[in-house]
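The lines below spell out each chain.
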Amino acid sequence: MIKTIDITNRKHAEDVLNIQIPSYKVEAEIIGSYDIPPLKDTVHTLQNCEETFIGYYEDEELCGALSFKADDAEIDIHRLIVHPKHFRKGIAQLLLNFIESNFKAEIMKVATGSKNTPAVNFYKKNGFQLIKEVSVNEQLSLAFFEKKL
């Protein structure tokens, strides 16, 4: 089941963080850099990020989440996370499909680590086009994607 998460609720923010940290640790291992902002988030920073969160739940357990900011023109995905014990179950796909079906905009944007091959392939498979790559430092570069809706 997919539902909106009230991230201002401390318990909900803790639940998201308990998925976000293990999820981004996997990405950090893939890209070879642990210097990524989501690994530095706290309950407080999540509660104040001004993003809209949706979550995928199995038996009241939060298994994955997607956060975004949106207006009439664009949906900007800030995080798409799945707890590693729930990888390969299609949860990321369900969350992305939910956003596309329930929020109207002209374009959807997302960024991920350039070396994060599973994420890059996921976005390409879903019709996103690589717009640019930006080098953050020697170990880290980001790939920016867009999809016209």
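Treat the numbers as computed from the prediction; the structure is a model and nothing was measured.

Novice: Explain the overall build of the chain to me, please; I cannot follow it from the model alone.
Specialist: When helices and strands are tallied, the chain shows 4 helices and 7 strands. Each helix and strand of the chain, ordered N terminal to C terminal, gives the series β-α-α-β-β-β-α-β-α-β-β. For 149 residues, the compact-globule estimate of 2.2 N^0.38 gives 15 Å, and the C-alpha radius of gyration of the chain, at 15 Å, lies within 12% of that figure. With the C-alpha coordinates of the chain rotated into their principal frame, the extents come out at 40 × 35 × 30 Å. Counting the 149 residues in the chain, one finds 42% classified as buried. When contacts within the chain are restricted to residue pairs at least 6 apart in sequence, those whose partners lie at least 24 apart make up 62%. Accessible surface for the chain amounts to roughly 8200 Å². Of this, 50% is attributable to carbon and sulfur atoms.

Novice: What's the story with the nonpolar core in this structure? I'm lost.
Specialist: Across soluble globular proteins, nonpolar side chains show a tendency to be buried alongside one another. Residues Leu66 and Tyr123 are the most contacted members of the largest nonpolar core, which totals 23 residues. Only strand 2 (52-58), strand 3 (61-70), strand 4 (74-82), helix 3 (91-102), strand 5 (107-113), helix 4 (117-125) and strand 7 (141-148) provide two or more residues apiece to this core. Setting aside residues up to four positions removed in sequence, tyrosine 123 forms contacts with Leu80, Val110, Thr112, Phe128 and Phe145.

Novice: I'm lost on the side chain of asparagine 126 in this one. Help?
Specialist: For asparagine 126, the position within the fold is in the loop between helix 4 and strand 6 (129-135). Look at asparagine 126 and you get buried, because its relative accessible area is 12%. At 2.7 Å, the side chain of asparagine 126 and the side chain of glutamine 93 are in polar contact. Asparagine 126 has contacts with Gln93, Leu96 and Lys147, leaving out every residue within four places of it along the chain.

Novice: Can you help me understand the pattern of salt bridges in this one?
Specialist: Where side chains of opposite charge bring their charged atoms close, a pairing between them can arise. Scanning all chains against the criterion turns up 10 salt bridges. In this structure, glutamate 14 engages arginine 10 in a salt bridge whose closest nitrogen and oxygen atoms are separated by 3.1 Å. Residue glutamate 14 and its partner arginine 10 are both found in helix 1 (residues 10-31); the two are separated by 4 residues, about one turn of the helix. Glutamate 14 gets classed as partly exposed once you look at its relative accessible area, which sits at 30%. Close ionic contact of lysine 147 with glutamate 100 constitutes a salt bridge, the shortest N to O distance being 2.8 Å. Residue lysine 147 is located in strand 7, and its partner glutamate 100 is located in helix 3; the two are separated by 47 residues in the primary sequence. The exposure class of glutamate 100 is partly exposed, given its relative accessible area of 24%.

Novice: Help me understand the sheet that holds strand 7 in this model?
Specialist: Within a sheet, neighbouring strands are paired by backbone hydrogen bonds and run either parallel or antiparallel to one another. Within the open sheet, the 7 strands sit side by side as 1-2-3-4-5-7-6. Their pairing is mixed. At either margin of the open sheet sits one strand with a lone partner, and together these are strand 1 (2-5) and strand 6. Averaged over all pairs of adjacent strands, the angle between strand axes in this sheet comes to 25°, irrespective of strand direction. The pairing of strand 3 with strand 4 spans 7 bridges and is antiparallel. What sits directly across from leucine 66, in strand 4, is leucine 80. Across the face of the sheet, helix 1 comes into contact with strand 1, strand 2, strand 3, strand 4 and strand 5 while running at roughly 85° to strand 4. Most of the contacts of helix 4 go to strand 5, to which it runs at about 165°, and overall it touches strand 4, strand 5 and strand 7.

Each value, and the rule that gives it
Residues numbered from 1 in each chain as written. Predicted model: local features only at pLDDT ≥ 70, side-chain atom pairs only at ≥ 80, totals over all residues. Heavy atoms only, no water. Helix = DSSP H or I, 4+ residues; strand = E, 2+ residues; numbered from the N terminus. Rg over C-alpha atoms; globule rule 2.2 N^0.38 Å. Buried < 20%, exposed > 50% of the residue type's maximum accessible area, 1.4 Å probe, protein only. Contact = heavy atoms within 4.5 Å. Areas by Shrake-Rupley, 256 points an atom, 1.4 Å probe, with all protein chains shown as cover. Core = buried A, V, L, I, M, F, W, Y, C linked by side-chain atoms within 4.5 Å. Polar contact = N/O pair within 3.5 Å; in protein donor to acceptor, adjacent residues only side chain to side chain. Salt bridge = Lys/Arg side-chain N within 4 Å of Asp/Glu carboxyl O. Pairing = 2+ DSSP bridges. Axes fitted to C-alpha atoms, helices over the stretch in contact; angles between N-to-C directions.

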